[in-house]
Amino acid sequence: MKPRIAIIGAGLSGLTVANGLTGFADITLFEKSRGVGGRMSTRYADPFYFDHGTQFFTARSKAFKQFLKPYIESGLVAPWQGKVITLEANKKVTDRLWFEPHYVACPSMNSLCKKLSEGLQITLQTEVAPLADKINNQWHLKNASGEALGIFDVVISTAPPTQTIRLFDKHLPDDCPIKSANMLGCYTMMLGFKKPWDKSWMAAKVHNSPIEWIAINSTKPGRDAAMTSMTVHTNNAWAQQHIDDDIAVTEALLKQELSHLMDIDVYAADYFALHRWRYALLEEKEKNDPYWDAQLGLASVGDWCTASRIEDVWLSARELADAMTNC
């Protein structure tokens, strides 16, 4: 009889583990959001839409290149090409070189996760409650309202460390690497203008500013170039220092900063939103192995294992799936 496995989180990590365990176990994924994707999610605000988490990804390992190959051939994944610059207030704009292909999913970043979710059993808009003690060596999962979600032999969390620790609570050993993984936050500004982008560059790396990255989302392949959709990310260290600030104060500060950096009227945007990511980037760059306790039936993988590169997240998820099928 196949083991029953619950996976908490339907981002790239959860979906990759689920696909890696297909045929080995009966899998159910639980996702608290309205759709799959996690950091690869897309914000829709008709007629604008924004890749407000992951901006792009690269492929360096043979395994990840092989994984992407059929999606590139089908057009689901395509290289994002164009001019990238370096911006700094009161400094001359300089060009930046990209020495490798930078890929995006089309027509939105979450398109790849939607493809990976096909054929999987996923329960959306469901927050899993912290695990109680096992009964007859099985986990009886409940949602935040106390309603039963099912009985499972193994539970895998792909949530950020703080949330995973809350879910697994007393079941984790004191030396579990999840407990020492610290994640930094990030703010994402999204601006929409009902006119095409009229500058020569598609993205900018920003120096010496709370803002670190500016992307013209509408320049990516498969997007609507008739409108300008702009995504702006803050510096992670700055964001962590201000993660609990009043959101209106943060919004005003970042709008002012963007106005200083760019020759556009930020306040004339037809759409504006600010998103706070509390868990965006692993503070330490050392790679952690996925957590897997076969005897207890608990596992965890996700951004806390890596420096948050999409390729590294995928490789860690595959590593966990392989470990579980080979134990």
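Attention in this report is confined to the structure presented alongside it.

What counts, and at which threshold
- Residues numbered from 1 in each chain as written.
- Predicted model: local features only at pLDDT ≥ 70, side-chain atom pairs only at ≥ 80, totals over all residues.
- Heavy atoms only, no water.
- Pairing = 2+ DSSP bridges.
- Helix = DSSP H or I, 4+ residues; strand = E, 2+ residues; numbered from the N terminus.
- Contact = heavy atoms within 4.5 Å.
- Axes fitted to C-alpha atoms, helices over the stretch in contact; angles between N-to-C directions.
- 1 Å grid on protein atoms, 1.4 Å probe; cavity = no way out; pocket = protein on both sides within 12 Å on 5 of 7 lines; lining within 4 Å.
- Points joined across faces, edges and corners; volume = space filled by probe spheres on them.
- Nonpolar A, V, L, I, M, F, W, Y, C, P; charged D, E, K, R; others polar.
- Buried < 20%, exposed > 50% of the residue type's maximum accessible area, 1.4 Å probe, protein only.
- Polar contact = N/O pair within 3.5 Å; in protein donor to acceptor, adjacent residues only side chain to side chain.

**Some details on the sheet that holds strand β12 (residues 154-157)**
Working step 1: With respect to topology, 6 strands assemble into an open sheet ordered β9-β2-β1-β12-β19-β18, the strand pairing being mixed. For this open sheet the edge positions go to β9 (122-123) and β18 (291-293), each flanked by a neighbour on one side alone.
Working step 2: Inspection of the sheet shows strand β1 (residues 4-8) paired to strand β2 (residues 26-30) by 5 bridges, in the parallel sense. Opposite Ile5, over in β2, you have Ile27 as the bridge partner.
Working step 3: Most of the contacts of helix α1 (residues 12-21) go to β2, to which it runs at about 170 degrees, and overall it touches β1, β2, β9 and β12.
Working step 4: In the packing of helix α7 (residues 310-325) onto the sheet, contacts are made with β1, β12, β18 and β19 (298-300), and the angle to β18 comes to roughly 15 degrees.

**With respect to the layout of surface pockets**
Working step 1: Space inside the largest pocket adds up to approximately 1,200 Å³.
Working step 2: Lining the largest pocket are 44 residues, and of these Glu31, Ser33, Gly38, Arg39 and Trp277 sit closest to its centre.
Working step 3: Elements represented by at least two residues in the lining of the largest pocket include exactly α1, β3 (43-45), α3 (110-116), α4 (161-168), β17 (271-282) and α7.
Working step 4: If one sorts the elements of the lining of the largest pocket by residue count, β17 sits on top with 5 residues.
Working step 5: Within the lining of the largest pocket, the residues separate by chemical class into 16 nonpolar, 17 polar and 11 charged.
Working step 6: Roughly 880 Å³ of volume is contained in the second largest pocket.
Working step 7: For the second largest pocket, the lining is made up of 30 residues, of which Phe56, Glu212, His233, Leu281 and Ser308 are closest to its centre.
Working step 8: Elements represented by at least two residues in the lining of the second largest pocket include exactly β15 (211-216), β16 (228-234), β17 and α7.

**Some points on the environment of Gln55**
Working step 1: Checked against the element boundaries, Gln55 lands in the loop between β4 (48-50) and α2 (62-74).
Working step 2: Using a relative accessible area of 6% as the deciding quantity, one classes Gln55 as buried.
Working step 3: Each C-alpha atom of the pair Gln55 and Lys205 lies 12 Å from the other, and the pair is 150 residues apart in sequence.
Working step 4: Leaving out residues up to four positions away in the same chain, Gln55 has contacts with Trp80, Val104, Met109, Trp213, Ala215, Lys220, Thr231 and His233.
Working step 5: Side-chain polar atoms of Gln55 contact the backbone oxygen of Asp51, separated by 2.6 Å.
Working step 6: Looking at Gln55, its side chain comes within polar contact range of the side chain of Trp213, at 3.4 Å.

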